[in-house]
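Observations on the model geometry
Letter by letter, the chains look like this.
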Amino acid sequence: MASADSLLRQPWRTVHGIPMVCAFAHNWERVDAFQSRPEDIVVATFPKSGTTWISEIVDMILHGGDPEKCKRDAITHRVPMLELVFPGQMLAGTEQLASMPSPRVVKTHLPVHVLPPTFWANGCKMVYVGRNAKDVAVSFYHFTLMNKMLPHPGTWAEYLEEFMAGRVAYGSWHDHVKGYWERRKEHPILYLFYEDMKEDPRREIGKVAQFLQQDLPAAVLDAITRHTSFEAMRDNPTTNYTSVPADLMDHDISPFMRKGIAGDWKNHFTVAQSERFDEDYAQKMAGTDLHFRTEL
Ligand code: PPS
């Protein structure tokens, strides 16, 4: 295994045809060979789509809306990321998960064709969150500036080209969102949208509770809604990622909990970039009935 320093700002490696964070690509057999349990709950997203938000919501639901129980540990430990590994700094996600009691909540950004087959075979419930591509691109750009496990993104204009071409971690946003959208027809996947969660968080939290067969009183739904607001999660050290070593994530460059809004892309895209993006988007999303809102 390479040393930690030699894994920072490295080019992508390729795993099952998609660009992968260099550190994560080492010993990929650990992911392919991972054994799910039927009661596992998978939280799947393209990066920067509200993964941490939905993870906290699911953990709160499973703990009856008790915020103190959810402050037992950092979100990265309560909801381990399947494919994550960084030598010397963090225990691999697969190892964290192996020692967890059920029901485990498993975070992953893997697209449908890379997710280990065991999750499909065991019929594991999945909660997918999609977020409009323009806001994802902006959020991912800022995250790539502050997260040294990823290659340096260059300028915004350069990064946007990479994003559109699917040359970012986990590959094409378009393929990712469409993959789970199609798979939900044959597998228990609750497909949510970040913009819907912003519009009416309590309504969307109710959908998650129902999907997980947790009958929660109105007061508990209210408590979960308050606890998982952007402001509450930004100020909560167990959800705001400040526990990740600073040499990996530098919040002074851009905080993990950055803005938490729908439509921030308007502050970053030029008119020309937006038009070009829309044209490319129309081609890549042609023929699907999957639609995203880019503003509220
Ligand atoms: S990661 O690294 O892929 O797991 O990141 P992820 O958690 O998917 O996405 C981070 C973005 O989600 C925003 N966020 C929230 N928005 C609204 N409400 C809540 N509670 C919330 N929690 C996190 C976070 O601010 C990132 O978006 P941007 O646009 O960068 O602010």
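Counting from 1, residues in each chain are numbered in the order their sequence is written. Whole-chain, interface and lining totals are the exception, using all residues; otherwise, since this is a predicted model, local features are given only for residues with pLDDT of at least 70 and side-chain atom pairs are given and counted only at 80 or more. Just so you know, side-chain values use all the structure's heavy atoms and leave hydrogens and water out.

Quick look at the nonpolar core
Soluble, globular proteins show a tendency: their nonpolar side chains are buried together. Worth spelling out the cut-off: Put simply, a nonpolar core is a bunch of buried Ala, Val, Leu, Ile, Met, Phe, Trp, Tyr and Cys residues held in one set by side-chain atoms that sit within 4.5 Å of each other. Any residue under 20% of the maximum accessible area for its type is buried, any over 50% is exposed, and the rest in between are partly exposed; the area is computed with a 1.4 Å probe on protein chains only. Here a helix means four or more residues in a row that DSSP labels H or I, a strand means two or more in a row labelled E, and each is numbered from the N terminus. Throughout, a residue-residue contact means that at least one pair of heavy atoms, one from each residue, lies within 4.5 Å.
Counting residues in each nonpolar core, the largest one holds 98 residues, and the members touching the most others are F24, I54, F163 and Y180. Among the elements that take part in this core, helix α8 (residues 133–146) stands out by supplying eight residues, more than any other. For Y180, the contacting residues outside a window of four places in its chain are A44, L110, P111, V112, L115, W120, M126, Y128, I189 and Y191.

Brief notes about the site of the ligand
Note the cut-off: Residue proximity to a molecule or strand is established when one non-hydrogen atom of the residue lies within 4 Å of it. Whenever a nitrogen or oxygen atom comes within 3.5 Å of another N or O atom, the pair is scored as a polar contact, on the condition that within protein one atom can donate a hydrogen and the other can accept it, and that pairs from neighbouring residues in sequence are kept only if both atoms are in side chains. All amino acids are sorted into three groups, where Ala, Val, Leu, Ile, Met, Phe, Trp, Tyr, Cys and Pro are nonpolar, Asp, Glu, Lys and Arg are charged, and the leftover types, Gly among them, are polar.
As a matter of local geometry, the ligand sits amid 22 residues, with T51, T52, S139, Y194 and K259 nearest to it. G260 has a polar backbone atom sitting 2.8 Å from an oxygen atom of the ligand. When contributions to the shell around the ligand are tallied by element, the ones reaching two or more residues are α3 (51–62), α8 and α14 (230–234). Per-element tally for the shell around the ligand: the top contributor is α3, with three residues. Here the residues of the shell around the ligand sort into eight nonpolar, nine polar and five charged.

Digging into the pairing of strand β6 (residues 189–193)
Among the five residues in β6, five count as buried, and that is most of the element. Every second residue of β6 is oriented toward a common face, with I189, Y191 and F193 on one face and L190 and L192 on the other, all of them buried.

Quick word on the sheet that holds strand β3 (residues 41–45)
Rules: Strand pairing is defined by DSSP finding a minimum of two bridges between the two strands. Lines fitted to C-alpha atoms define the axes, with helix axes restricted to the stretch in contact, and inter-axis angles between N-to-C directions lie between 0 and 180 degrees.
The sheet built from four strands is open, its strands ordered β4-β3-β5-β6 with parallel pairing. Because the sheet does not close on itself, it has two edges, and the strands there are β4 (105–108) and β6. Here the strands of the sheet are splayed against their neighbours by 20 degrees on average, with no regard to which way each runs. As paired elements, strand β5 (residues 125–130) and β6 share five bridges and run parallel to each other. Note that in β6 the partner of Y128 across the bridge is Y191. Taken strand by strand, helix α10 (residues 173–183) contacts β3, β5 and β6, and its axis lies near 135 degrees from that of β6. Contacting β5 and β6, helix α12 (residues 201–211) crosses the sheet at an angle of about 175 degrees to β6.

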